[in-house]
Protein chains: 2
Amino acid sequence: MSVVQLGPTHPLNSDTRDAWLIAAYRGERPPMTPVWFMRQAGRSLPEYRSLRVGTRMLDACLTPELAAEITLQPVRRHGVDAAIFFSDIVVPLKLAGVEVQIEPGVGPVFAAPVDSPAAVEKLLADHPAEALDGALAPITEAVQRTVAALRMLPGGRDPLIGFAGAPFTLAAYLVAGRPSKDHLAARAMIHRHPDAWAALLGWCADVSGRFLRAQVLAGASAVQLFDSWAGSLPAATYERHVAPTSRTTFDAVRDLTDDAGRRVPLVHFAVGAGELYPLLDLDVDCVGVDWRTPLDDAARRIGDTAVQGNLDPALLGAPWPVLRDAIDDVLRRGESATGHVFNLGHGVPPDTDPDVLTRIVDYVHSA
Amino acid sequence: MSVVQLGPTHPLNSDTRDAWLIAAYRGERPPMTPVWFMRQAGRSLPEYRSLRVGTRMLDACLTPELAAEITLQPVRRHGVDAAIFFSDIVVPLKLAGVEVQIEPGVGPVFAAPVDSPAAVEKLLADHPAEALDGALAPITEAVQRTVAALRMLPGGRDPLIGFAGAPFTLAAYLVAGRPSKDHLAARAMIHRHPDAWAALLGWCADVSGRFLRAQVLAGASAVQLFDSWAGSLPAATYERHVAPTSRTTFDAVRDLTDDAGRRVPLVHFAVGAGELYPLLDLDVDCVGVDWRTPLDDAARRIGDTAVQGNLDPALLGAPWPVLRDAIDDVLRRGESATGHVFNLGHGVPPDTDPDVLTRIVDYVHSA
């Protein structure tokens, strides 16, 4: 993939290079286990819900002041060790010109599914990935605002993690044209039209890579690629038809280094992907583990890479002694890994009591 | 669980005891690998679609002539080695008096979610599982009609597999009141209200067990328990809070034996349950394997039990040489198992070309 530079090559944000999160992603053991929560910026917070009143999801993602403020809310409230850039998996598709809306209670709905070789050809002709570069200004501005505000917080060293959806997850939405249970339309296209599939996935990787690169160039200190749907694939299919393009997405930022020459930490997270763990380390620094697999088992299968996770979100409403035992279990299992960043095994559910999240942060830091 | 007898103890249907399917479930190697398809009775068949016009799903399930005819259609058309009883996971709940509809495009929707200890208490008080026994006549009649018709087919030895949803899957629907993506409401209840959870799951097992027992007493030659959602659980949670009640469901039919004293073959299938394979053999004869895990890997993890599966349904639309290679791969991997029944790794997708299924049956039989 040819990567268009957004101005001269910037080094990676170096202010945060000694942050606990970055150290843990590099396989070190900082004084406390760093902790953040997937979807910490979002519906579990009352301050988020009031900010979002009257604003549609994708409009919120593309309004820099709003996206920055939403990204910062959980950092201020919970004292987590990282901000995660508030966005949506389909944002880079929209920025590339694809017509998509997020319907409340449904998810992303596209004007037309990309479900045939002809539809793939049309997508690539109408929306070349390069078009994204002219549309990334709201992302760059939102990241710059966020990073500037993070510098003003006590300590001033909280890193921002850049966010993108993995090519397979983007393609699964595009092929079905909307959320689906088993992603069968995408999985069928792999075998029925392997060339069209490869072209579609390559386009998705290009779009995702540009989206991530813009975030790092604007000040993000690490990146996480979210593959929500890779768990629907057998390992052989994933390895042959999907993993190479996820690697390509990471390649878009591998050259970005801090002032000590260390590259931006890369985090790869796939949901329900127990069968895929041996394949998820695409030369990355950390693999996210969902709630289904004990963290030490996952670490063994993944290999010599830091892990992130993996408290079962189903425990967030449990009595504190039950929840505390589960946190202890995750921390104990995490000790055997190369590095460990505490997180949930999936996103924060919307009905979570935010005080429980704050309590978890304090407990993990005191453990 | 106390099991109410539907009349005197009948032995298991002995007409089918030498059928290839039954032999394979018992770990033998019949002359040809038996094959059937999950959801073979259903929307992929034009004769099913015409039969269902104007009839709602649950009404079709509870009309004996219709349920029997739908069950028979794929046996006549494809020459599969088994019929699977046409029903729906929520049918036993409806027969127990729970108010539920299947909304097209959505799935089961309940009048009220069973999402608190009080709601569980009310469910158990209003709908004792014993009430099911007085309502099973349409199931008994449908099974009897099916078995009588199967005897009239060439060969006359095609077994009918009884069908029921596993307690966790029933409970996941009841707690959420409708389909959900992660079954988080049910998974949270396990940890927040473990006593109410245990009571709810025990009730579901009782209902499922009575539903299965009625089918065997009416002539079904094997039973399969479908746990659509168990894959959302970590192994430790499944083992402690779920597996014992799935075992209880099987216990409801374990005493039913054929005229040679051999018990009804028990098949356990859970979707996306890679982490659970070492736990799925609840003293059963066969474990179903979904499409994600290579069949030989799964067989190793499961232990000394027959396996069923596991062609990826995503391949059904692929060019024949690609599909044939995938079938060969499944058959080759199945050779290492104690016994192997060929199947898909999940249900037949509605848009499947039925001729492809027939071709697969012929190919597996000729392999």
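Rules used throughout
Residues numbered from 1 in each chain as written. Chains lettered and ligands numbered in written order. Predicted model: local features only at pLDDT ≥ 70, side-chain atom pairs only at ≥ 80, totals over all residues. Heavy atoms only, no water. UniProt positions renumbered as here; feature names shortened; annotations may be inferred. Contact = heavy atoms within 4.5 Å. Buried area = accessible area lost by both parts, 1.4 Å probe. Salt bridge = Lys/Arg side-chain N within 4 Å of Asp/Glu carboxyl O. Polar contact = N/O pair within 3.5 Å; in protein donor to acceptor, adjacent residues only side chain to side chain. Helix = DSSP H or I, 4+ residues; strand = E, 2+ residues; numbered from the N terminus. Nonpolar A, V, L, I, M, F, W, Y, C, P; charged D, E, K, R; others polar. Least-squares fit on C-alpha atoms with pLDDT ≥ 70 in both. Buried < 20%, exposed > 50% of the residue type's maximum accessible area, 1.4 Å probe, protein only. Pairing = 2+ DSSP bridges. Axes fitted to C-alpha atoms, helices over the stretch in contact; angles between N-to-C directions. Parallel < 35°, antiparallel > 145°, perpendicular 65-115°, else oblique. Left-handed = near helix turned anticlockwise from the far one by under 90°.

An unreviewed UniProt entry annotates chain A as Uroporphyrinogen decarboxylase of Micropruina glycogenica. Comment text from UniProt for chain A, heading Subunit (unreviewed entry), reads "Homodimer."

Examining the interface of chain A and chain B
Contacts between chain A and chain B engage 28 residues on the former and 28 residues on the latter. Between chain A and chain B the total buried area reaches about 2300 Å² when both faces are included, carbon and sulfur atoms providing 54% of it. Contact with chain B buries surface across chain A, with His191(A), Glu275(A) and Arg292(A) losing the most and accounting together for 26% of the total. Between the two partners, chain A and chain B, sit four salt bridges. A salt bridge links Arg187(B) to Asp312(A); its shortest N-O distance comes to 2.8 Å. Linking chain A with chain B are 13 residue pairs in polar contact (both at pLDDT 80 or more). Per-element tally for the side of chain A that touches chain B: the top contributor is helix H9 (residues 184-192) of chain A, with five residues. Per-class residue counts for the side of chain A that touches chain B are 13 nonpolar, seven polar and eight charged.

So, the relation of the copies chain A and chain B
Placing chain A over chain B gives an RMSD of 0.0 Å and needs a rotation angle of 180°, together with 0.0 Å of translation along the axis. Given the turn and translation reported, the copies of this chain are related as if by a two-fold rotation axis. In terms of proximity to the rotation axis, the leading residue of chain A is Gly274(A), whose C-alpha is 3.3 Å off the axis. By residue overlap, the copies meet face to face through one surface: 100% of the interface positions of chain A are interface positions in chain B.

So, the side chain of His183(A)
Residue and element names in this part refer to chain A. Along the polypeptide, His183 turns up in the loop between helix H8 (167-176) and H9. Within the structure, the side chain of His183 is placed 3.5 Å from the backbone oxygen of Lys181, a separation counted as a polar contact. The residues contacting His183, other than those within four sequence positions of it, are Ala172, Trp229 and Ser232.

Re the UniProt feature "binding site: substrate" (unreviewed entry) in chain A
Residue and element names in this part refer to chain A. With numbering matched to this structure, UniProt assigns "binding site: substrate" (unreviewed entry) to Arg39, Gln40, Ala41, Gly42, Arg43, Asp88, Tyr173, Ser228 and His346. A maximum C-alpha distance of 23.3 Å among these annotated residues, which run over 308 residues, shows that they spread across the structure rather than meeting at one spot. Along the chain, Gln40 turns up in the loop between helix H1 (20-25) and helix H2 (46-52). Note on Gln40: relative accessible area 0%, which makes it buried. Sequence-distant contacts of Gln40, defined by excluding residues within four places in its chain, comprise Leu45, Pro74, Val80, Ala82, Ala83, Ile84 and Val348. On the secondary structure map, Ser228 appears in the loop between strand S5 (222-227) and helix H11 (235-241). Leave out the neighbours within four places in its chain, and Ser228 touches Ile89, Thr169 and Val271.

Brief notes about the sheet that holds strand S5 (residues 222-227) of chain B
All names here are of chain B. Strand order in the open sheet made by the seven strands is S1-S4-S5-S6-S7-S8-S9, with parallel pairing throughout. Only two strands of the sheet have a single neighbouring strand rather than two, namely strand S1 (83-84) and strand S9 (340-344). Examined bridge by bridge, S1 and strand S4 (residues 160-165) share two bridges and lie parallel to one another. What sits directly across from Ala83, in S4, is Leu160. Along the sheet face, helix H10 (residues 194-217) touches S4 and S5 and points at about 170° away from the line of S4.

Considering the UniProt feature "domain: Uroporphyrinogen decarboxylase (URO-D)" (unreviewed entry) in chain A
Residues and elements named next belong to chain A. As recorded in UniProt, the feature "domain: Uroporphyrinogen decarboxylase (URO-D)" (unreviewed entry) lies at residues 34-43 and 161-177. For residues 34-43, helix accounts for 0% and strand for 0%, while the C-alpha atoms at its two ends are 23 Å apart. With 59% helix and 29% strand, residues 161-177 has its two end C-alpha atoms placed 28 Å apart.

Some remarks on the side chain of Thr249(B)
Residues and elements named next belong to chain B. Along the chain, the position of Thr249 falls in helix H12 (residues 243-251). Thr249 sits in the buried class, given a relative accessible area of 0%. In this view, Thr249 contacts Pro167, Ala205, Ser208, Gly209, Leu212 and Leu225; residues no more than four positions away in its chain are not counted.

Quick notes on the pattern of salt bridges
All names here are of chain A. Using the criterion set out here, one finds 52 salt bridges over all chains in the structure. With a shortest N-O distance of 3.7 Å, Asp258 and Arg26 are connected by a salt bridge. Of this pair, Asp258 sits in the loop between helix H12 (243-251) and strand S6 (266-270) while Arg26 sits in the loop between H1 and H2, and the two are 232 residues apart along the sequence. Exposure remark for Asp258: the relative accessible area of 5% places this residue in the buried category.

Here's the deal with unusual backbone geometry
Across the junction of Gly309(A) and Asn310(A), the peptide omega takes the value -15°, indicating a cis bond. Residue placement: Asn310(A) occurs in strand S8 (residues 306-311). For His183(B), which is not glycine, the phi dihedral falls at a positive 60°. The backbone of Asp283(B) sits at a positive phi, close to 55°, despite the residue not being glycine. If you trace the backbone, Asp283(B) turns up in the loop between strand S6 (266-270) and strand S7 (286-288).

Observations regarding the packing of helix H14 (residues 320-334) of chain B against helix H15 (residues 354-366) of chain B
All names here are of chain B. Where H14 contacts H15, the axes come no closer than 11 Å and their chain directions differ by 45°. In this view, H14 runs oblique relative to H15, as classed from their interaxial angle. The element H14 and its partner H15 pack so that their crossing is right-handed. Contacts between H14 and H15 involve Trp320, Leu323, Arg324, Ile327, Asp328 and Leu331 from the first element and Val356, Arg359, Ile360, Tyr363 and Val364 from the second. For the contact of H14 with H15, a count of residues per class yields eight nonpolar, no polar and three charged.

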